[in-house]
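Residue-level structural notes
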Amino acid sequence: MNIIHIQNLTKSFGKTQALKGINLEVKKGEVHGFIGPNGAGKSTTIRILLGILRKTAGEITLFDKDPWKDAVELHRRLVYVPGDVTLWPDLSGGEVIDFLGRLHGGLNISKRNQLIERFQLDTTKKSRTYSKGNRQKVALIAAFSCDAELYLLDEPTSGLDPLMEVIFQECVAEVKKAGKTILLSSHILSEVEILCDRVSIIRQGQIVESGTLENLRHLTRTTISVETGKTAIGIENLPGIHDVSRDGLKYRFSVDSSAMTKIMEVLLPLGIRSLTVEPPSLEELFMRHYGDDIDEKGGVKL
C-alpha cells in the first residue's frame with residue numbers, strides 16, 4: 001500500500017519551475033529517504049503534501065486523499081517537523097510540547113516524559129532562550145509523543161549535536177518497528193544510509209534516482225585494494241577500471257559493478273596475497289549525481 005503517491009508533479013512560482021514532473025511512491029511502514037541539496041525541491045514537495053502549497057499540475061495523494069482539499073482530515077494522521085522550528089517565545093518548552101500535542105488530538109504523556117529525558121531538554125525555560133538545537137528537540141519530542149501514521153521530517157536534525165542525532169535515529173527505528181511510515185528529507189547522507197529502506201534523489205526539481213540502497217549502489221563503483229604475486233600488466237586498460245594506483249605489487253582502483261567478474265578473472269592467476277573490497281557508499285552515489293554542483297572543497301553548492 002502506498003501512503004504517498006506522486007506522479008508528474010510540477011510546481012511553478014511565476015516563471016520559475018521548482019518541481020519538474022516528480023514521481024515518488026512511499027510505501028506503508030517504510031522509512032523513505034528524500035535527499036538533495038537545499039533548493040532541489042524537497043521542502044516544496046513536502047509543503048504540497050501538507051496542503052500549504054497548491055500543485056501546478058500532476059497527481060498527488062496522501063492516504064488516497066487530496067492534500068489540498070482534505071488537509072484538515074489528513075493532518076490528524078500525520079506529524080511534521082521542519083528544519084527550522086519557530087516557537088512561541090513566551091511559552092516554555094514543556095508548554096509548547098503539550099500545546100502541539102493537543103493540536104494533534106493528544107499525546108502519550110509517559111512517552112513524552114521519556115523523550116524529554118532522552119533528549120535532555122529543560123522544558124521549564126522559555127522558548128525565546130532556546131538554541132536552534134533545543135527548538136528542534138521540542139518539535140521532535142512533540143512529534144514522537146503523538147501516535148501518528150505518517151511522519152514528515154524535513155531536515156529534522158538540523159542543529160542537533162551528534163549525541164542527539166543518535167537519539168533521533170533510535171526514535172525513528174522505534175516508530176518504524178511500530179509499523180509507521182516516515183518520509184525523511186535530509187542532506188546528511190550517513191543519516192539516510194543508517195535509517196532508510198529506500199531513497200529518492202532529487203536534483204533541480206526532478207527525481208534522478210529512486211530505489212533501495214542496494215539497488216542504487218549498483219550505479220556506483222567499488223574500490224579494490226589488492227596485492228598480487230605477479231605484476232598486473234595492463235590492468236589500467238581494462239574496461240570498467242578507473243583511477244589505478246600502484247606501489248610495487250600493491251594496486252588500488254575503482255571498478256564498475258559490470259566489470260567485477262572480469263577483474264577477478266584477471267587477478268586470480270596472478271596470485272592474490274591480500275584483497276580489500278570497499279562497497280560504494282550513498283555519498284559516492286550522491287556526489288556522482290551532483291558532480292557539477294560540487295565546489296573545490298568537496299561541498300555541495302547551494
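Coordinates for the structure precede this section.
Residues numbered from 1 in each chain as written. Predicted model: local features only at pLDDT ≥ 70, side-chain atom pairs only at ≥ 80, totals over all residues. Heavy atoms only, no water.

The secondary structure content of the chain amounts to ten helices and 13 strands. Principal-axis analysis of the C-alpha atoms places the extent of the chain at approximately 70 × 45 × 35 Å. Counting all 302 residues of the chain, 46% fall into the buried class. Taking all contacts inside the chain whose residues are at least 6 apart in sequence as the whole, residues at least 24 apart take part in 68%. (Helix = DSSP H or I, 4+ residues; strand = E, 2+ residues; numbered from the N terminus. Buried < 20%, exposed > 50% of the residue type's maximum accessible area, 1.4 Å probe, protein only. Contact = heavy atoms within 4.5 Å.)

Taken together, six strands build an open sheet; the order of strands is β5-β6-β7-β3-β8-β9 and the sheet is mixed. The open sheet terminates on both sides in strands that have one partner only, identified here as β5 (78–81) and β9 (206–212). Across the sheet, the mean angle from the axis of one strand to that of its neighbour is 15 degrees, orientation sign disregarded. Summarising the sheet, β5 and strand β6 (residues 150–154) pair through four bridges and their orientation is parallel. Residue Val81 lies in a different strand from β6, and its bridge partner there is Leu153. In the packing of helix α6 (residues 162–177) onto the sheet, contacts are made with β3 (31–35), β6 and β7 (181–186), and the angle to β7 comes to roughly 150 degrees. (Pairing = 2+ DSSP bridges. Axes fitted to C-alpha atoms, helices over the stretch in contact; angles between N-to-C directions.)

What follows concerns the packing of aromatic side chains. Here the structure, examined in full by the defined rule, presents three aromatic pairs. Between Phe144 and Tyr151 the ring centres are 5.7 Å apart and the planes differ by 25 degrees, which places this aromatic pair in the stacked class. Just as Phe144 is buried, Tyr151 falls in that class too. With a centroid separation of 6.2 Å and 55 degrees between ring planes, the pair formed by Phe144 and Phe168 is classed as tilted. Of the two residues, Phe144 sits in helix α5 (residues 132–145) while Phe168 sits in helix α6, which places them 24 residues apart along the sequence. Put simply, the rings of Phe144, Tyr151 and Phe168 touch in pairs and so form one group of aromatic residues. (Phe/Tyr/Trp six-rings, centres within 6.5 Å; stacked < 30°, edge-to-face > 60°.)

The subject of this paragraph is the sheet that holds strand β13 (residues 272–278). Strand order in the open sheet formed by four strands is β11-β12-β10-β13, with antiparallel pairing between adjacent strands. Looking along the sheet, the strands with just one partner apiece sit at the ends: β11 (241–247) and β13. Each strand axis lies, on average, 15 degrees off the axis of its neighbour in the sheet, ignoring direction. With seven bridges joining them, strand β10 (residues 221–228) and strand β12 (residues 250–256) adopt antiparallel strand pairing. Directly across from Ser225, in β12, lies its bridge partner Arg252.

Another point: the pattern of salt bridges. For the structure shown, the criterion picks out 15 salt bridges. For Glu73, the salt bridge identified is with Lys65, shortest N-O distance 3.6 Å. Taking the relative accessible area as the measure of exposure, Glu73 reaches 35% and is therefore partly exposed. By relative accessible area, Lys65 is classed as partly exposed at 27%. By sharing partners, the salt bridges in this structure join Asp84, Lys132 and Arg135 into a single network. (Salt bridge = Lys/Arg side-chain N within 4 Å of Asp/Glu carboxyl O.)

Okay, α6 next. Helix length check: α6 (16 residues) gives 23 Å between terminal C-alpha atoms against 22 Å at 1.5 Å per residue, within 8%. Those residues of α6 not exposed but buried are Met164, Glu165, Ile167, Phe168, Gln169, Cys171, Val172 and Val175. Lining the buried residues of α6 we find β3, α4 (109–118), α5, β6, β7 and α7 (189–195). A distance of 3.1 Å separates the backbone nitrogen of Leu163 from a side-chain oxygen at the start of α6, and that oxygen is part of Asp161. Just beyond α6, the residue with positive phi is Gly179, at close to 85 degrees. (Expected span 1.5 Å × (residues − 1). Polar contact = N/O pair within 3.5 Å; in protein donor to acceptor, adjacent residues only side chain to side chain.)

For residues that are not glycine, phi is negative in most cases, and the peptide bond is trans in most cases. A positive phi angle, near 50 degrees, is found at Gln204, a position not held by glycine. Within the secondary structure, Gln204 sits in the loop between β8 (198–203) and β9. Take Gln204: its relative accessible area is 45%, and that puts it in the partly exposed class. Of note in the backbone geometry, Asp243 takes a positive phi value of approximately 55 degrees without being a glycine. Topologically, Asp243 is positioned in strand β11.

This next bit is on the environment of Leu19. Within the element layout of this structure, Leu19 appears in strand β2 (residues 16–27). Judged by relative accessible area, Leu19 falls into the buried class, the value being 0%. In this view, Leu19 contacts Leu9, Thr10, Lys11, Gly41, Thr44, Thr45, Ile48, Ile202 and Gly205; residues no more than four positions away in its chain are not counted.

Under the definition given, this model contains zero disulfides. With no disulfide of its own, Cys171 lies 13 Å from the sulfur of Cys146, the closest cysteine sulfur. The class for Cys171 is buried, based on a relative accessible area of 2%. (Disulfide = S-S within 2.5 Å.)

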